[in-house]
Amino acid sequence: MRAGRSGTAAALAGALALVAFTAPVAEASDTGITVKNLVINNGKPIIVGTKAEVTPDFTFNVSKPSGYSYSEIDAFPFLYHDVTAAQGAEKGGIYTGSVTFYDNGFADGELYIDPPYRLDSNKDATTWKIAVSARTWGSDGQPDAEEYLTGFGSIPVKRRATATVNASPEPVAKGATITVKGSAKRADWVKHTYVGFPGKLAKLQFRQAGTRTYKTVKYVRASSAGYLKTTVTASADGYWRWAFGETATTGGAKAKGDYVDVT
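Residues numbered from 1 in each chain as written. Predicted model: local features only at pLDDT ≥ 70, side-chain atom pairs only at ≥ 80, totals over all residues. Heavy atoms only, no water.

S.K.: In this structure, what is going on with the pattern of salt bridges? I would like to understand it.
M.R.: When the charged atoms of two side chains with opposite charge come close together, those side chains can pair. All chains considered together, the criterion is met by two salt bridges. For R135, the salt bridge identified is with E146, shortest N-O distance 2.9 Å. In this pair, R135 sits in strand β8 (residues 127–137) while E146 sits in strand β9 (residues 143–149), placing the two residues 11 residues apart along the sequence. Exposure class is identical for R135 and E146. Each is buried. Notably, a salt bridge pairs E246 with K158, separated by 2.6 Å at the nearest N-O pair. Here E246 is found in the loop between β17 (238–244) and β18 (253–254), whereas its partner K158 is found in strand β10 (residues 154–159), with 88 residues between them in sequence. (Salt bridge = Lys/Arg side-chain N within 4 Å of Asp/Glu carboxyl O. Helix = DSSP H or I, 4+ residues; strand = E, 2+ residues; numbered from the N terminus. Buried < 20%, exposed > 50% of the residue type's maximum accessible area, 1.4 Å probe, protein only.)

S.K.: What is the right way to look at the nonpolar core in this model?
M.R.: A general trend in soluble globular proteins is that nonpolar side chains are found buried together. One finds V35, I40, I46, F60, V62 and L79 to be the most contacted residues of the largest nonpolar core, which totals 32 residues. Secondary-structure elements contributing two or more residues to this core are β2 (34–40), β3 (46–48), β4 (57–63), β5 (73–80), β6 (95–101), β7 (106–112), β8 and β10. When near neighbours in sequence (up to four residues on either side) are disregarded, I40 contacts I46, P56, D57, F58, L79, L111, I130 and I155. In this structure, F206, F244, V260 and V262 belong to the second largest nonpolar core, which totals 24 residues. (Core = buried A, V, L, I, M, F, W, Y, C linked by side-chain atoms within 4.5 Å. Contact = heavy atoms within 4.5 Å.)

S.K.: Any chance you could explain the layout of surface pockets here in plain terms?
M.R.: Empty pockets left among the atoms are what a rolling probe the size of a water molecule brings to light. Size it by volume and the largest pocket reaches roughly 160 Å³. Looking at the lining of the largest pocket residue by residue, the classes come out as three nonpolar, four polar and five charged. (1 Å grid on protein atoms, 1.4 Å probe; cavity = no way out; pocket = protein on both sides within 12 Å on 5 of 7 lines; lining within 4 Å. Points joined across faces, edges and corners; volume = space filled by probe spheres on them. Nonpolar A, V, L, I, M, F, W, Y, C, P; charged D, E, K, R; others polar.)

In structure tokens, the structure reads:
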């Protein structure tokens, strides 16, 4: 069981999470703060769309230096890529949205991602390094020391994908042809909209009425505009959908099944 709250809950404003940390300090130095067991988003890739805010959770254990209370230290996880940790902390990183420290040294919180503001290039769909900004505060309310703690590994940040489906005609005679259309799209962080996922290999799946499991019928590759289309023979009532898996830069997606009544 967790110990009680220490009263050092820090509610931060997403992209401004490190502003306090990056305020002038006389000299970067060893804070004496240590962070262990840092886990972000349960170790799973972070999937981000075009508009909805995303708040991946995190947990870690922190040790404070001698002479300081938990209310006198900061330990803010953040993500960065293709720059140094210091550069990532100042610009272009993904920062802590909120964090709470507990009396036993446990901490939990959330990162904050506002896609139109934080992600402005599809090149941001890559593997981000994990770091922690650490700072100690003096009794006068001024910062004593600051540093960037690294070596916590990395986590992929991926573009959210969507799949749609439309099976017709409805109803259809048994043995007749069903045309299944749809689309494979993914978030474009430059245009801030969803665009076609050209050439994406998708699975056409069918779940017969009265059952719970979808079975793959065939594979179809999306057109240059991300459209999907194929035909099948009607054999039983059930649901049709398109589905595809993740890539290194993009999440997977499954369409909501489209029911076709076979007469």
